[in-house]
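For reference, the chains in residue letters:
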Amino acid sequence: MHPTSRRFAANARAAMADPVLQDALARLKAGFRVKRAAAVARLPEFEALKAEARALKDHTLAHLDHYLEAFEAKVVETGGTVHWCRDGAEAKAAVLAICRAAGARTATKGKSMVAEEIGLNDFLEKNGVIPVETDLGEYIIQLRREPPSHIVAPAIHLNRGQVADAFRTAHGGRPPDRDLEEPRVLLDEAREEMRARFLAADVGITGANLLIAETGSTVIVTNEGNGDLTQTLPRVHIVLATIDKVVPTLDDAATILRLLARSATGQELSVYTTFSTGPRRPDDLDGPEQFHVVLLDNGRSAMLGGQFRDMLRCIRCGACINHCPVYGAVGGHAYGWVYPGPMGSVLSPALVGLEQTAKLPDASTLCGRCEEVCPMSIPLPALLRHWREHAFERHLKPARERLGLALWSFAASRPWLYRAVTRLASWGLRRLARGTGRLARVPLAGGWTAARDLPAPSGPGFLDQWRQGKRR
Amino acid sequence: MSDARATILDSVRRALRRGPPPETLRAELDRRMAEPRPNVIPARGKGEPAELIERFAAMATEMSAIIERIPTAAAAPAAVARLLAESGLPPQVAAAPALSGLDWTGAGLSARFGAAGRGDAVSVVPAFRAVAETGTCIVRSGPDAPTTLNFLPDLHVVLVRTADVVGAYEDAWKALRKAGAWPRTVTWITGPSRTADIEQTLLLGAHGPRRLHVLLADGP
């Protein structure tokens with residue numbers, strides 16, 4: 001998917017004027033935030049688990065090469081194959097080669113953000129393999145040919161009427177005037193449509209929430225059961241995962257799983273957590289004959305060596321997104337790429353380049369709520385600040401903003417000048433306010449005062465008061 | 001792809017500012033994998049057996065599973081027959097071969113042992129362990145326990161022996177590591193399948209089972 005993040009401001013304005021989206025965002029806040037808070041309050045050990053998860057992930061990242069090699073060895077030992085891929089192009093080629101070798105015409109898919117990241121669906125379709133998304137949310141947005149607007153709840157921006165319209169268009173052979181008012185009816189129709197496709201697919205493609213070095217297992221976490229049908233019924237199972245997903249042991253996985261669902265949806269645990277290890281055994285009665293892990297770097301190893309290493313602890317729970325006031329106002333599509341919200345504004349510049357995404361690190365008030373709710377203690381505001389610095393250094397900020405910052409820095413490093421200018425500005429603003437105490441318009445700050453008044457300075461500044469001895 | 005493998009590992013090592021780990025370090029990391037350190041276990045994952053059984057039942061109920069206590073595993077077929085009659089379903093089940101020793105015919109049921117197919121409405125499988133912490137049933141695949149039974153049928157019946165109820169996930173891992181060859185799949189099941197993808201409305205019965213019925217048996 002080509003990023004449209006350069007248009008963040010225009011995207012955001014359109015999003016805030018969209019009543020359907022605003023309703024959906026209100027539901028998200030009332031749902032995920034409240035449920036997460038309740039789930040966390042119920043588990044006194046939550047903070048201790050966070051500390052443990054952070055330590056185990058930092059340990060794994062510090063020895064990532066060893067754990068990747070150990071994971072690979074176990075996959076091979078249990079009869080699977082690991083395909084190492086440097087970038088999205090290599091991963092797509094690897095997936096297609098496996099599909100072709102299996103003579104696959106359709107591939108069912110579990111929800112995978114990495115597949116979105118590399119644009120797998122479009123690629124498969126162009127090359128004669130029809131991808132079928134099976135997660136209800138992903139299925140709906142696939143029918144509407146749009147990207148996910150949330151990493152956990154991809155169709156969160158839609159209402160039931162829009163889902164019904166998509167189903168009427170896509171599901172042939174049903175009465176066009178059927179009643180599709182209730183979500184239950186929509187779900188049952190999707191379930192019926194999907195059953196035949198689960199059973200007909202030649203290949204099943206899933207992502208992975210975790211990879212386990214101890215056993216060579218890949219882990220998926222779902223509520224619907226679609227991921228398990230995807231990886232159990234076809235002859236071939238392909239797991240698409242990036243290198244940062246590996247943890248050493250099953251016990252380490254347990255720690256992260258205690259945090260994941262609670263942080264994501266406020267559930268104690270998702271309904272199905274499945275650990276898949278290799279293809280079907282000789283005496284097994286079901287399961288895929290082939291088990292492939294497409295192990296993808298796509299920018300992760302570069303992040304490992306720099307300022308953004310902490311971001312590799314991310315377990316994609318979406319808590320930062322659910323609690324971000326900016327996401328809550330504009331939704332996911334405004335961000336213009338597959339990862340929205342605070343985690344996306346840190347990740348997207350690293351994955352697609354800051355040139356395309358320089359506006360995203362600014363799409364934050366740095367209020368710190370994201371860091372507070374992050375189960376992996378990722379310092380998201382600090383990482384966003386790093387990207388702002390890079391954007392400034394690389395001249396990716398508009399000329400006016402650069403000039404403003406240059407003037408401010410010139411004045412701020414010369415105390416006499418700073419004091420003179422602020423005293424003058426304070427005096428000027430007081431005059432402009434004409435005793436009302438507020439300013440509806442301020443020269444050079446029209447953008448700021450368009451939506452609110454600026455309180456006028458009420459008297460001498462802090463430094464003047466300090467000098468006059470008002471030290472309280 | 002071996003080229004890509006070398007490039008990725010090189011790139012990881014460059015990022016970590018070191019070469020391949022020395023043998024002593026590798027041995028230490030392998031030891032960490034072979035002997036997992038004790039985890040932080042939530043208090044609710046610990047307790048006396050009777051307490052854990054009660055907690056498992058309470059948590060599973062909260063996750064929308066139905067818990068039915070039965071005296072022995074041998075009473076499972078009769079319980080399933082009752083359940084099917086109450087639900088207005090025909091007396092047919094697809095069951096895990098591991099349960100072929102129970103008297104299904106005697107309970108008036110026609111049981112087929114093997115993988116699930118499209119027409120199977122009801123499945124019965126044994127749990128390897130059940131976890132009190134979150135009311136989770138752990139099933140593993142094998143010739144005697146096909147995976148499809150857990151996902152295709154609408155009504156999913158899981159037989160849990162109270163002796164197999166443990167406190168925390170780690171207790172189940174310990175037991176599974178001892179149980180021999182590692183199974184193709186291990187699945188933690190916590191309630192019946194669900195989705196909230198349409199307007200955040202929680203609906204049970206997404207792509208997997210619509211109902212999860214747990215038979216909790218005290219004896220063999």
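Scroll up to find the structure this text is about.
Okay, so let's go over this structure. Here the structure is a predicted model, which means the values were calculated and not measured.

What counts and what doesn't
For every chain, the first residue of the written sequence is number 1, and numbering continues from 1 along that sequence. For naming, the first written chain is A and the first written ligand is 1, with later ones following in the order written. Local features in this predicted model are restricted to residues of pLDDT 70 or higher, and side-chain atom pairs are both shown and tallied only at a pLDDT of 80 or more, whereas totals for entire chains, interfaces and linings draw on every residue. Excluding hydrogens and water, the side-chain values take into account all heavy atoms of the structure. Criterion for a salt bridge: a side-chain nitrogen of Lys or Arg within 4 Å of a carboxyl oxygen of Asp or Glu. Each helix is a run of H or I in the DSSP string that is no shorter than four residues. Each strand is a run of E no shorter than two, and both are numbered from the N terminus. Think of it in three bands: residues with accessible area under 20% of the maximum for their type are buried, residues over 50% are exposed, and the middle band is partly exposed, with areas taken using a 1.4 Å probe on protein chains only. For two strands to count as paired, DSSP must find a minimum of two bridges between them. The contact criterion used is simple: two residues touch if any of their non-hydrogen atoms lie within 4.5 Å. Buried surface area refers to the total accessible area, computed with a probe of radius 1.4 Å, that the two partners give up upon joining, counted for both partners together. Under this grouping Gly is polar, as are all residues other than the nonpolar Ala, Val, Leu, Ile, Met, Phe, Trp, Tyr, Cys and Pro and the charged Asp, Glu, Lys and Arg. We define the nonpolar core as a collection of buried residues of types Ala, Val, Leu, Ile, Met, Phe, Trp, Tyr and Cys that are connected through side-chain atoms lying within 4.5 Å of one another. Only Phe, Tyr and Trp rings take part, Trp by its six-membered ring, and two of them pair if their centres are within 6.5 Å. Stacked means planes under 30 degrees apart, edge-to-face means over 60, and tilted covers everything else. By definition, being over a ring means that NZ of Lys or CZ of Arg is both within 6 Å of the ring centre and within 35 degrees of the ring normal.

1. Observations concerning the pattern of salt bridges
Oppositely charged side chains may form a pair once their charged atoms are brought near each other.
Right, so step 1: Summed over all chains, the structure comprises 51 salt bridges over all chains.
Right, so step 2: For the salt bridge of Asp65(A) with Arg13(B), the shortest nitrogen-to-oxygen distance reads 2.8 Å. Highlighted residues: Asp65(A) in helix H4 (residues 64-77) and Arg13(B) in helix H1 (residues 2-15), drawn from two different chains. With respect to class, Asp65(A) is no different from Arg13(B); both count as buried.
Right, so step 3: Taking the shortest distance from any N to any O, the salt bridge between Asp120(B) and Arg112(B) comes out at 2.6 Å.

2. Focus on the pairing of strand S4 (residues 203-206) of chain A
Residues and elements named next belong to chain A.
Right, so step 1: Both faces of S4 are covered, namely the face carrying Val-203 and Ile-205 and the face carrying Gly-204 and Thr-206.
Right, so step 2: Looking at chain direction, strand S2 (residues 106-109) and S4 are connected through 3 bridges and run parallel. Bridge assignment links Lys-109 to a residue of S4, and that residue is Ile-205.
Right, so step 3: Here 4 bridges tie S4 to strand S7 (residues 236-242), and the two strands are oriented parallel to one another. Following the sheet pairing, Val-203 is matched in S7 by Val-236.

3. Notes on the pairing of strand S9 (residues 185-189) of chain B
All names here are of chain B.
Right, so step 1: Of all 5 residues in S9, 5 are buried, a share of seventy percent or more.
Right, so step 2: Neither face of S9 is exposed, since Thr-185, Thr-187 and Ile-189 on one face and Val-186 and Trp-188 on the opposite face are all buried.
Right, so step 3: Here strand S6 (residues 136-140) runs beside S9; their pairing, made up of 4 bridges, is antiparallel. Pairing of Arg-140 across the sheet is with Val-186, part of S9.

4. A few points about unusual backbone geometry
Right, so step 1: In this structure, His395(A) is a non-glycine residue whose phi angle is positive, near 60°.
Right, so step 2: Here His395(A) shows up in the loop between helix H19 (380-393) and helix H20 (399-412).
Right, so step 3: Since its relative accessible area comes to 56%, His395(A) is described here as exposed.
Right, so step 4: A positive phi is found at Ser64(B), a non-glycine position, where the angle reads about 75°.
Right, so step 5: Locating Ser64(B) in the fold gives a position in the loop between helix H3 (49-62) and strand S1 (66-72).

5. Looking at the interface of chain B and chain A
Right, so step 1: Listed as interface residues are 83 residues of chain B and, on the opposing side, 103 residues of chain A.
Right, so step 2: Surface buried jointly by chain B and chain A totals about 7,900 Å² across both partners, of which 56% is contributed by carbon and sulfur atoms.
Right, so step 3: Seen at the junction of chain B and chain A, the total is 17 salt bridges.
Right, so step 4: In this structure, Asp252(A) and Arg32(B) form a salt bridge, with 2.8 Å as the shortest nitrogen-oxygen distance.
Right, so step 5: If you tally residues by element for the side of chain B that touches chain A, the top one is H1(B), at 10 residues.
Right, so step 6: Of the residues contributing to the side of chain B that touches chain A, the split by class is 40 nonpolar, 22 polar and 21 charged.

6. So, the nonpolar core
Right, so step 1: In terms of nonpolar packing, the biggest core is built from 110 residues, with Phe275(A), Met311(A) and Trp188(B) touching the most fellow members.
Right, so step 2: Here this core takes 8 residues from helix H12 (residues 250-264) of chain A, the largest share from any one element.
Right, so step 3: Core analysis: the second largest hydrophobic core is formed by 47 residues, Tyr139(A), Leu186(A), Leu229(A) and Phe56(B) among them.

7. Quick look at the packing of aromatic side chains
Right, so step 1: One pass over the structure, following the stated rule, counts 12 aromatic pairs over all chains.
Right, so step 2: Judged by centre distance (6.3 Å) and plane angle (25°), the rings of Tyr327(A) and Tyr335(A) are stacked.
Right, so step 3: In this structure an aromatic cluster arises from ring pairing among Phe275(A), Tyr169(B), Trp173(B), Trp182(B) and Trp188(B).
Right, so step 4: Against the face of Phe392(A) rests Arg402(A), its NZ or CZ located 4.3 Å from the ring centre.

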